[in-house]
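# Close look at the chain arrangement
Chain by chain, the residues run as shown.
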Amino acid sequence: MTEKQNLETLQTPSAVFFIFGATGDLARRKLFPAIYSLYREGKLAEDFAVIGVARRPRTNEEFREDLHQSIIEFCRYKIGAEEDWNRFAEHFEYKSLDINNVAGFQELKEQTEVIETKYGIPGNRFFFLALAPELFGSVSLNLRAGGMMDGTGWNRLVIEKPFGYDLESARKLNAEINEVFKEDEIYRIDHYLGKEMVQNIEVIRFANAFFEPLWNNQHISNIQITLSETVGVEERGGYYDHSGALRDMGQNHMLQMLAMIAMEPPSRLLPEDIHDEKVKVLRSLRAYMTPEEVDKNVVRAQYGEGESKGKTLPGYRQEDKVDPASNTETYFAARLFVDNFRWSGVPFYIRTGKRLPVKTTEIIVEFKRTPTNVYLGQRHNLEPNLLVIRVNPMEGIYIKINAKKPGSDSEIQPLAMDFCQSCMIGINSPEAYESLIEDAAQGDSTYFTRWDEVSAAWSFIDHIADAWAQNPTDVKSYPAGSWGPDETHLLLQQDGYHWWPVNGQDEDDVIWQVGSSN
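Reading the values: rules and limits
Residues numbered from 1 in each chain as written. Predicted model: local features only at pLDDT ≥ 70, side-chain atom pairs only at ≥ 80, totals over all residues. Heavy atoms only, no water. Helix = DSSP H or I, 4+ residues; strand = E, 2+ residues; numbered from the N terminus. Polar contact = N/O pair within 3.5 Å; in protein donor to acceptor, adjacent residues only side chain to side chain. Contact = heavy atoms within 4.5 Å. Core = buried A, V, L, I, M, F, W, Y, C linked by side-chain atoms within 4.5 Å. Buried < 20%, exposed > 50% of the residue type's maximum accessible area, 1.4 Å probe, protein only. Domains from an automatic or database assignment. Salt bridge = Lys/Arg side-chain N within 4 Å of Asp/Glu carboxyl O. Pairing = 2+ DSSP bridges. Axes fitted to C-alpha atoms, helices over the stretch in contact; angles between N-to-C directions.

## With respect to the side chain of E116
- Locating E116 in the fold gives a position in helix α5 (residues 102-119).
- A distance of 3.0 Å separates polar atoms of two side chains, one belonging to E116 and the other to R125.
- When near neighbours in sequence (up to four residues on either side) are disregarded, E116 contacts V16, I121, G123, N124 and R125.

## Digging into the nonpolar core
- Core analysis: the biggest nonpolar cluster contains 145 residues, and F20, L258, L336 and F348 have the highest contact counts within it.
- Here this core takes 12 residues from helix α9 (residues 237-262), the largest share from any one element.
- Per-domain counts for this core show at least three residues from each of domain 1 (15-189) and domain 2 (196-211 + 226-365 + 431-494).
- In contact with L258, other than residues within four places in its own chain, are I225, V281, L285, L336, V338, F348 and I350.
- With 5 residues, the next largest nonpolar core counts I364, L386, Y398 and W500 among its residues.

## A few points about the pattern of salt bridges
- Under the definition given, this model contains 33 salt bridges.
- Its salt-bridge partner being E277, residue K280 comes within 3.4 Å of it at the nearest N-O pair. Highlighted residues: K280 and E277, both in helix α10 (residues 271-284), separated by 3 residues, approximately one helical turn.
- The class of K280 is partly exposed, set by a relative accessible area of 49%.
- Residue E277 is classed as buried on the basis of its relative accessible area of 11%.
- Between R390 and E362 there is a salt bridge whose closest N-O contact spans 3.0 Å. You can see R390 sitting in strand β14 (residues 386-392) and its partner E362 sitting in strand β13 (residues 360-367), a full 28 residues away along the chain.
- Note on R390: relative accessible area 1%, which makes it buried.

## Section: the sheet that holds strand β1 (residues 15-20)
- Reading across from one edge, β3-β2-β1-β4-β5-β6 is the order of the 6 strands in this open sheet, with parallel pairing throughout. The outermost strands of the open sheet, each flanked by one partner alone, are β3 (92-96) and β6 (186-188). For this sheet, the mean angle separating the axes of adjacent strands, direction not counted, is 20 degrees.
- Two elements, strand β2 (residues 48-54) and β3, share 5 bridges in a ladder whose sense is parallel. Considered in β3, the bridge of I51 is made with E93.
- Running over the sheet, helix α2 (residues 25-40) touches β1, β2, β3 and β4 (125-129) and is turned about 165 degrees from β1.

## Overview of the sheet that holds strand β15 (residues 396-404)
- The 9 strands lie next to each other as β16-β15-β14-β13-β7-β12-β11-β8-β17, forming an open sheet whose pairing is mixed. Because the sheet does not close on itself, it has two edges, and the strands there are β16 (412-420) and β17 (476-479). For this sheet, the mean angle separating the axes of adjacent strands, direction not counted, is 20 degrees.
- Direction of pairing for strand β8 (residues 298-304) relative to β17: parallel, over a ladder of 4 bridges. Within the sheet, the bridge partner assigned to Y303 lies in β17 and is Y478.
- Strand contacts of helix α8 (residues 196-206): β13, β14 and β15, with the helix running at about 150 degrees to β14, the strand carrying the most contacts.

So yeah, pure geometry; function would need other evidence.
Shown next as C-alpha cells:
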C-alpha cells in the first residue's frame, strides 16, 4: 500500500501533451526519449496521451514509427517487449496542422476530447512549442480561438529559447503570449537548469555547513564558468549567424548558472522565492554602459580554419548558410561583477565558444590563498583551494586541497577529493528534458525562467551587444580547435589569475572516465 502511494505521488498528473513541431529535431532527439523514460520509470501512468502536431502529413502509424526510431537512437532506455511497446505507442496520435488555420485547431480540439475520454484525462493540457519563437504568439492566439483553452483542467505552455533577440523583441513576444496565458502558466525552458549538477548547486551550497560561511568575498577570490563545445555551427548556420554566442549562450545558460552560484539563500523552498533571489543577482550585475567598458571586460572572437586530432576544420565563414563576410562571434568571454555585499570585488569569469578543444561545462570556485608570509606559506608555494562542479557531459564535484606528499619529509602537493557521478553510474542520469517535462506537468517552475529573469538578463546583454554594434568589425580570431584568442587569457592575467584546466584538457590532473574511478 505504501509503495503504491509513493508511486502515485511521483507520477506526473494525467494530461494530454501536445508537441508542436513533432517532426522536428528537438522532438526526435529529446522530447520523445524523455517521455518514454518517464513512462519506463513509472512517472507516467496509463492516463496520458501525446498528440504530435506539425504541418507535414503523417498517419498515426507513421508517427509511431518515427517515435520508435527516436527511442532506438536517442533514449537511454532500450525498448522492451513488443506488447509493452505497443501499449505505450497507443498513447501517441498525430495531427497535421497549419498553425495559421483556426479551423485546424477546432479539429484538434475534437481529437483531444475523444482521447481525453479514452484515457480518463481530466482536461489537463500541456502545450510544448518546439517551434521558432516568432510563431509562439500566433499559436497561442489560435489555441484560444480554436477552443483548446476551454478544457476543464489546467493549461500550461512550455517554450524553448531563444526568447527574443533583445529586450524589445522579448517584451513583444511576452505580451503576445500573455494575451492567452498567465505568467504562472508559462514555462520557459533553459535546459541547463534541468541538468543534475546545476540543480545540485543549491544542495552543495545550502546543505553543507562548511560551504555557506565561506561563500562570499572574504574567502572566494574568483569564480570561473566554462561552457565549451567542440562542434561548429553544423546545420544551424542561418540561425547562428543572426544570433551569435552572446545571445545563444550568454543571455540564458551562462547567466542562469551565474545566478545559481551567486544568489542568496531563499527564505522558502518555493519556486517564486528562488526566482526572486536569482532576479536580485541579475539586477546586481555591473552594467557596462560604454564601448570602452565593454572592450575592457568582454572579448568576442570568431573561429578560423584550424585542426583537431589531425583533422582539418573549416573556419566559421566557410560554414554552410553563413555569410562569407560575417562578423558574428562564435566565442565570447567576460569579466563580470555582482555588485552586492556578498560578492563585491569578486570577478566572475565566463567563457563559451564553438570549435574549442573539449566539450565540457564546468564551474570553478577559487578560494583565496593562505598567507604567504607565515608558517607553511614561507617555505612552500601553496595552491589555492578549488571547488569544481562538473556539469556536462561528465557529472560530479571535487575539492582541491593541499596535503603532504606521501613518503616525503615536507613536500606539499594539491590533491583532489572527488565524487564522480558519471564514473560510478555512467552517463545515464536523467536527461534535462525528462526532469523539466515532469516538473512542468507537476506545476513546479523552479528550474524554468520567470519573465523578470529573462528581462533582467536581456537588459544586461543588450548593453554589450549595442557596444559591439558600434564597431562591428572588431572581432578577434582564433584557430578552430584552440581555446580562443590570447585576449581571453589576458582578461584574467590582469587580475593575477588564470583559467583553470577543465575535464579533457591535457593540463587537467583530475581525469574522469565513464565506468572507472578517477
